[in-house]
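# Summary of structural features
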Number of protein chains: 2
Amino acid sequence: MICGMSEPAAAESRDDGDLQPEADVFARRCTSRATLQTVTGRWGILALAALSEGSYRFNALRRRVDGVSERMLSQTLQALERDGLVHREVLEAIPPRVEYSLTPLGIEVANRLLDLIELVESHMPEVHAAQQDYDARRRRPL
Amino acid sequence: MICGMSEPAAAESRDDGDLQPEADVFARRCTSRATLQTVTGRWGILALAALSEGSYRFNALRRRVDGVSERMLSQTLQALERDGLVHREVLEAIPPRVEYSLTPLGIEVANRLLDLIELVESHMPEVHAAQQDYDARRRRPL
DNA sequence: CGGGATCCGAGACGATACTG
DNA sequence: CAGTATCGTCTCGGATCCCG
């Protein structure tokens, strides 16, 4: 089973969404849902999208992803590295130098994200119109 | 400019990421980033993915998206409706009946999300292997 | 330069109760 | 059935200080 999250001794197989042969994001405890979150999280998307342009050093990436704090970028990169999407290479030098780049899987994921980003960006006028429409209708329900 | 968020009287144009002719998720205050978050948020993805299977009523959708609370589903659907991705239709009847479905734009977005979901699900074995590798290396740094 | 450790507020989230 | 309201919890995320 792909969905399994081998927890030491908590909540054994009384669930039904746990015995599936394949990953299913709709199942509550499926690990694919967690992975999807690290990928689509607030900073995960942007980090992957930025790294799809090429490798970055920590602070360069921080400047590229406008608004991210050191802490969150560090956390995000660790999560992405753990899931095998980002490769971290420490270059022995003074001052320290660390290069981040995408793994093959990371590239695949990033490509999908870029598709999505491009789609959303190109349709922002529609979205803004819908928002104004919605907000107007909510102030005067009818 | 697409990135603009017309705020009454706060933080005028001393920013640089605000005068662009196009949307850019990398810019801190770009509205496309917010939209991307409602779309890729924890429940947003799953709601859109579920609705790509066809229209759903509120509680049916709640059952489909395993683990979501009434509150969060309601919030998520409102955000998606506001951005013009989900259509909400109230059928006058007793008991009340509300159908949720995707708009044309919502379908486009959902398709991209399904691509991403499928990719992630199919690579979960790789991800799990990477995680175990990472965790093992962190316990014994070298 | 590339982070880790800590503190703390804001918002996400879930459970429950209530309404039309 | 389809939500809203309220509350308490808990994680996210920013600011700051610190170290190699």
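From a predicted model like this one, the values you see are computed outputs, not experimental measurements.

With that settled, consider the protein's contact with DNA strand D. In the vicinity of DNA strand D lie 20 residues, with R71(A), R57(B), S74(B), R88(B) and Y100(B) positioned nearest. A share of 64% is what sugar and phosphate atoms reach among the atoms of DNA strand D within 4 Å of the protein. With respect to DNA strand D, the side chain of R57(B) contributes an N or O atom lying 2.9 Å from a phosphate oxygen. Contact between DNA strand D and S74(B): a phosphate oxygen at 2.6 Å from a side-chain N or O atom of the residue.

With that settled, the discussion passes to the relation of the copies chain B and chain A. Laying chain B over chain A is done by rotating through 180° and shifting 0.0 Å along the axis; what remains is an RMSD of 0.0 Å. Put plainly, the chains are arranged around a two-fold axis. By C-alpha distance to the rotation axis, the residue of chain B lying nearest is T40(B), at 2.8 Å.

Moving on, we get to the packing of aromatic side chains. Using the criterion set out here, one finds 0 aromatic pairs over all chains in the structure. For R64(A), the ring lying beneath its charged end belongs to F26(B), and the centroid distance is 3.9 Å.

A few words now on the side chain of D83(A). Note that D83(A) resides in the loop between α4 (70–82) and β2 (86–91). With no salt bridge to any partner, buried D83(A) finds its closest opposite charge in R82(A), at an N-O distance of 4.5 Å. Among the polar contacts made by the side chain of D83(A), one reaches the side chain of Q131(B) at a distance of 2.7 Å. Leave out the neighbours within four places in its chain, and D83(A) touches T35(A), T38(A), V127(B), A130(B) and Q131(B).

In this complex, chain B contributes 54 residues to the contact, which on the side of chain A involves 54 residues. Both sides of the chain B and chain A interface together cover about 4,900 Å² of buried area, and 66% of this is carbon and sulfur. Among the residues of chain B in contact with chain A, F26(B), R82(B) and Y134(B) are the three that bury the most area, contributing 16% of the side total. On the surface where chain B and chain A come into contact, there are 4 salt bridges. Applying the counting rule to chain B against chain A returns 17 residue pairs in polar contact (both at pLDDT 80 or more). Sorting the residues of the side of chain B that touches chain A by element identifies α1 (31–40), α2 (42–51), α4 (70–82), α5 (104–122) and α6 (124–139) of chain B as the ones contributing at least two each. No other element matches α5(B), which puts 11 residues into the side of chain B that touches chain A. Per-class residue counts for the side of chain B that touches chain A are 24 nonpolar, 13 polar and 17 charged.

Calculation rules
- Residues numbered from 1 in each chain as written.
- Chains lettered and ligands numbered in written order.
- Predicted model: local features only at pLDDT ≥ 70, side-chain atom pairs only at ≥ 80, totals over all residues.
- Heavy atoms only, no water.
- Near = heavy atom within 4 Å.
- Polar contact = N/O pair within 3.5 Å; in protein donor to acceptor, adjacent residues only side chain to side chain.
- Least-squares fit on C-alpha atoms with pLDDT ≥ 70 in both.
- Phe/Tyr/Trp six-rings, centres within 6.5 Å; stacked < 30°, edge-to-face > 60°.
- Lys NZ or Arg CZ within 6 Å of the ring centre and 35° of its normal.
- Helix = DSSP H or I, 4+ residues; strand = E, 2+ residues; numbered from the N terminus.
- Buried < 20%, exposed > 50% of the residue type's maximum accessible area, 1.4 Å probe, protein only.
- Lys, Arg positive; Asp, Glu negative; His and termini not counted.
- Salt bridge = Lys/Arg side-chain N within 4 Å of Asp/Glu carboxyl O.
- Contact = heavy atoms within 4.5 Å.
- Buried area = accessible area lost by both parts, 1.4 Å probe.
- Nonpolar A, V, L, I, M, F, W, Y, C, P; charged D, E, K, R; others polar.

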